[in-house]
Amino acid sequence: DAGEELFERAIRPLLVEKCSECHTGSKNSGGLGLESRQALLAGGDSGPALDQEHPESSLLLQAVRRTGYL
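Residues numbered from 1 in each chain as written. Predicted model: local features only at pLDDT ≥ 70, side-chain atom pairs only at ≥ 80, totals over all residues. Heavy atoms only, no water.

Chemist: Would you mind going over the overall build of the protein with me for this structure?
Modeler: From N to C terminus, the protein includes four helices and one strand. Of the regular secondary structure in the protein, the N- to C-terminal order runs α-α-β-α-α. Relative to the 2.2 N^0.38 estimate, which gives 11 Å for 70 residues, the radius of gyration of the protein is 12 Å and therefore close to what a compact globule would have. Every one of the 70 residues in the protein was classed for burial, and the buried ones make up 20%. (Helix = DSSP H or I, 4+ residues; strand = E, 2+ residues; numbered from the N terminus. Rg over C-alpha atoms; globule rule 2.2 N^0.38 Å. Buried < 20%, exposed > 50% of the residue type's maximum accessible area, 1.4 Å probe, protein only.)

Have a look at this one:
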């Protein structure tokens, strides 16, 4: 679907380039892992990275947009 295509084309490459070095494998900076949806929902020291009820407020989106306190 369109959401999956957008993720694969625009979001996954950004996460791999900018985030995976510190947030995959045994290097889960701030307790946040990016290996799975479950890891994003569980979040890290700052709370869940994804907010399913209010996605526009998600910490992950704030990090990508470079807004908020991140």
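Chemist: What is the right way to read helix α1 (residues 2-18) from this model?
Modeler: An α-helix turns once every 3.6 residues. As a result, residues three or four positions apart point the same way. Across its 17 residues, α1 extends 23 Å between first and last C-alpha, which sits within 8% of the 24 Å expected from 1.5 Å per residue. For α1, the principal kink sits at Glu8 and spans about 40 degrees. (Expected span 1.5 Å × (residues − 1). Bend = angle between axes of the 7 residues up to and from the residue.)

Chemist: Looking at this structure, I do not really get the nonpolar core. What am I missing?
Modeler: One recurring pattern in soluble globular proteins: nonpolar side chains tend to sit buried together. In this structure, Leu15, Cys19, Leu32, Leu34, Leu40, Ala49 and Leu60 together form the largest nonpolar core, which totals seven residues. Sequence-distant contacts of Leu32, defined by excluding residues within four places in its chain, comprise His23, Ala39, Leu40, Gly43, Gly44 and Ala49. (Core = buried A, V, L, I, M, F, W, Y, C linked by side-chain atoms within 4.5 Å. Contact = heavy atoms within 4.5 Å.)

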